[in-house]
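# Fold and geometry: a report
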Amino acid sequence: GASTEKQHDWVQVTKWDADEVRLDCDLKEGRFSVSHVQQRNISERTWPSSIASSRAVVTGFWDINRGARVLELGSGGGLAACVLARLGCVVTATDLPANLPHLEASLARNGVLAKVQVRPLDWSQSPASVVPFLDERWDVLLLNDCAYDAGACVHLARTVAALCYANPRMQILVANEPRTALEA
């Protein structure tokens, strides 16, 4: 007879247009959906890498334990932070100070604002801007499409290096859309 036991957790993109992105996640523990309202600002859009990393975590391709302390750099609209929080991770989502209201609104809309700590982090001010994060233990550092601007890569590298030095056992998970030098 056919087994009724579910074989794999999965994520399906059920909507992706100029107005909204919606992911439906089906786990052994139950189902949930995460949505993000698209804006015109580059930091307020959902990029393919965020969807890919969410899918990688839900399906177990990237093994992140429940309760893992996750620091996400450049969280943007917070799609990955929403998924990680729903999976039981302790998430700190960071972005530029001007981008935090949109991030918080997205987390609130998805019912996880109380589960995700939102903090400013400006890589261009590194190392000073990263100092408040160095005394904390992080299990996972998540970067989704953070290297889109070649000019910011030096600052991003300094930030990541400081965090790695302070957390030598931390996993680093990177999802990035390939770009040419002309697109950066």
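Note: the structure precedes this text.
Residues numbered from 1 in each chain as written. Predicted model: local features only at pLDDT ≥ 70, side-chain atom pairs only at ≥ 80, totals over all residues. Heavy atoms only, no water.

## Structural notes on the pairing of strand β2 (residues 20-27)
Walk down a regular strand and you will see the side chains alternate between the two sheet faces. Selection criterion: Relative accessible area decides the class of each residue, using a 1.4 Å probe on protein chains only: under 20% of the type maximum gives buried, over 50% gives exposed, and in between gives partly exposed. For the purposes of this entry, the term helix denotes a DSSP run of H or I that reaches at least four residues, the term strand denotes a run of E that reaches at least two, and both are numbered from the N terminus. At least two bridges found by DSSP between two strands is the condition for calling them paired.
Burial within β2 is extensive, with six of its eight residues counted as buried. With six bridges joining them, strand β1 (residues 10-16) and β2 adopt antiparallel strand pairing. Each bridged residue has a counterpart across the sheet, and for Trp 10 the counterpart in β2 is Asp 26. Taking the residues between adjacent antiparallel strands as the criterion, β1 and β2 are bridged by three residues. The pairing of β2 with strand β3 (residues 30-37) spans eight bridges and is antiparallel. Residue pairing for β3: Asp 26 is matched across the bridge by Arg 31. Following β2, the chain reverses through two residues before pairing antiparallel with β3.

## Brief notes about the sheet that holds β1
The condition is simple: To obtain an axis, a line is fitted to C-alpha atoms, over the contacting stretch when the element is a helix, and the angle between two such axes runs from 0 to 180 degrees between their N-to-C directions.
Read across the open sheet, the three strands follow the order β1-β2-β3; overall the sheet is antiparallel. With partners counted over all chains shown, the strands left at the sheet margins are β1 and β3, one partner each. Here the strands of the sheet are splayed against their neighbours by 15 degrees on average, with no regard to which way each runs.

## Notes on the sheet that holds strand β8 (residues 171-175)
To keep things clear, this is the line we draw: We call two residues in contact when some of their heavy atoms are within 4.5 Å.
With parallel pairing, the five strands of this open sheet are ordered in space as β6-β5-β4-β7-β8. With partners counted over all chains shown, the strands left at the sheet margins are β6 (116-120) and β8, one partner each. Direction aside, the axes of adjacent strands within the sheet are offset by 20 degrees on average. Relative to strand β7 (residues 140-144), helix α1 (residues 48-58) is tilted by about 145 degrees, and along the sheet it contacts β7 and β8. Most of the contacts of helix α3 (residues 100-109) go to β6, to which it runs at about 175 degrees, and overall it touches β5 (90-95) and β6.

## Details of empty space enclosed by the protein
Note the cut-off: With a 1 Å grid laid over protein atoms only, a set of points is called a cavity when a 1.4 Å probe fits there but cannot get out and a pocket when it is open yet has protein on both sides within 12 Å along at least five of seven lines; lining residues have an atom within 4 Å of a point. Grid points are joined across faces, edges and corners, and a volume is the space filled by probe spheres set on the points. Classes in brief: Ala, Val, Leu, Ile, Met, Phe, Trp, Tyr, Cys and Pro nonpolar; Asp, Glu, Lys and Arg charged; the others, Gly included, polar.
Scanning the entire structure with this criterion turns up one cavity of 30 Å³ or more. Approximately 40 Å³ is the volume attributed to the largest cavity. For the lining of the largest cavity, the secondary structure elements donating two or more residues are α1 and α2 (79-86). Of the residues that constitute the lining of the largest cavity, the class distribution is five nonpolar, two polar and no charged.

## Quick look at the layout of surface pockets
Counted as a void, the largest pocket has a volume near 560 Å³. The wall of the largest pocket is formed by 33 residues, among which Ser 43, Gly 74, Asp 95, Asp 145 and Tyr 148 lie closest to the centre. Contributions of two or more residues to the lining of the largest pocket are made by α1 and β5. For the lining of the largest pocket, the class distribution of residues is nine nonpolar, 16 polar and eight charged. The computed volume of the second largest pocket comes to approximately 220 Å³. Residue lining of the second largest pocket: 14 residues in total, with Asp 9, Val 57, Val 58, Ile 64 and Leu 87 positioned closest to the centre. Taken together, the residues of the lining of the second largest pocket sort by class into seven nonpolar, two polar and five charged.

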